[in-house]
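# Observations on the model geometry
Single-letter residue listing:
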Amino acid sequence: MQIALLLLLAYLLGAIPTGLIVGKLFFNKDIRKFGSGNLGATNTFRVLGKKAGIFVTIFDVAKGVLPAIFPIIYDLDIHGIWFGLAAIIGHVYPIYLKFKGGKAVATSAGVILGVNPVVFLIIAVIFFTLLFTTRMVSLTSILTSIGNFITTLFFDDIILQIISFLIMLLIIIRHSSNIKRIISGTEPKIQFKK
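Residues numbered from 1 in each chain as written. Predicted model: local features only at pLDDT ≥ 70, side-chain atom pairs only at ≥ 80, totals over all residues. Heavy atoms only, no water.

## Topic: the overall build of the protein
Of the regular secondary structure elements, the protein holds 11 helices and 0 strands. Here the protein holds 194 residues, and the buried ones make up 47% of them. For the protein, contacts bridging at least 24 residues in sequence account for 62% of all contacts bridging at least 6. When the accessible surface of the protein is split by element, carbon and sulfur atoms take 71% of a total near 10500 Å². Averaging the coordinates of the 18 positive side-chain charges in the protein and doing the same for the 7 negative ones gives two points 22 Å apart. (Helix = DSSP H or I, 4+ residues; strand = E, 2+ residues; numbered from the N terminus. Buried < 20%, exposed > 50% of the residue type's maximum accessible area, 1.4 Å probe, protein only. Contact = heavy atoms within 4.5 Å. Areas by Shrake-Rupley, 256 points an atom, 1.4 Å probe, with all protein chains shown as cover. Lys, Arg positive; Asp, Glu negative; His and termini not counted. Charge placed at Lys NZ, Arg CZ, Asp CG, Glu CD.)

## Regarding helix α2 (residues 18–27)
For α2, every residue scored as buried is listed here: Thr 18, Gly 19, Leu 20, Val 22 and Gly 23. Contacts from the buried residues of α2 go to α3 (41–48) and α4 (50–68). Downstream of α2 by a residue or two, Asn 28 has a phi angle that is positive, lying close to 55 degrees.

## Concerning the packing of helix α6 (residues 80–92) against helix α10 (residues 158–174)
In contact at an axis separation of 11 Å, α6 and α10 are set at 10 degrees when each is read in the N-to-C sense. Considered as vectors, α6 and α10 are oriented roughly parallel to each other. For the pair α6 and α10, contact is made by Ile 81, Trp 82, Leu 85, Ile 88 and Val 92 and by Ile 159, Leu 160, Ile 163, Ile 167, Leu 170 and Arg 174, respectively. Looking at the contact of α6 with α10 residue by residue, the classes come out as 10 nonpolar, no polar and 1 charged. (Axes fitted to C-alpha atoms, helices over the stretch in contact; angles between N-to-C directions. Parallel < 35°, antiparallel > 145°, perpendicular 65-115°, else oblique. Nonpolar A, V, L, I, M, F, W, Y, C, P; charged D, E, K, R; others polar.)

This is the structure we're talking about:
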């Protein structure tokens, strides 16, 4: 019963639409009506600016970390990735917004941080290296999710490997429109200010 309730709590935490809340509370904007229309951190950066984007990124990562460490907090003999997966599902399919949510990148990163900080550090290096190389958040996110799965293969944790594979598939599917734009050469690139 406790595990079921915590899975539900993880889902509800993951479903919190951070970008939408920040946009409406502090900018009187529904970010779904601007930029890419996505609720995630990337669109928040584009529509609301750097400070809002950083806050949303940190909060969305935290939505993954907290559920992933439920077994530590509550002394449970269960892999934290299951609670993390519930949070990711909540982020992508939030009950508060008719199940139309984000692309799961930041929350997935938080889950990995919660269950295996070493893997997280490796994929953080991959992410920022690719981001500065490609200047495309979407392509970076897709390739990092693949890198995450490959990295988990070097750890003796079959559950983490399986869920990381599912996360990779989810992130690729959620970026299908971006993939089309990458192929056509119309995917927007970010500009790094000096």
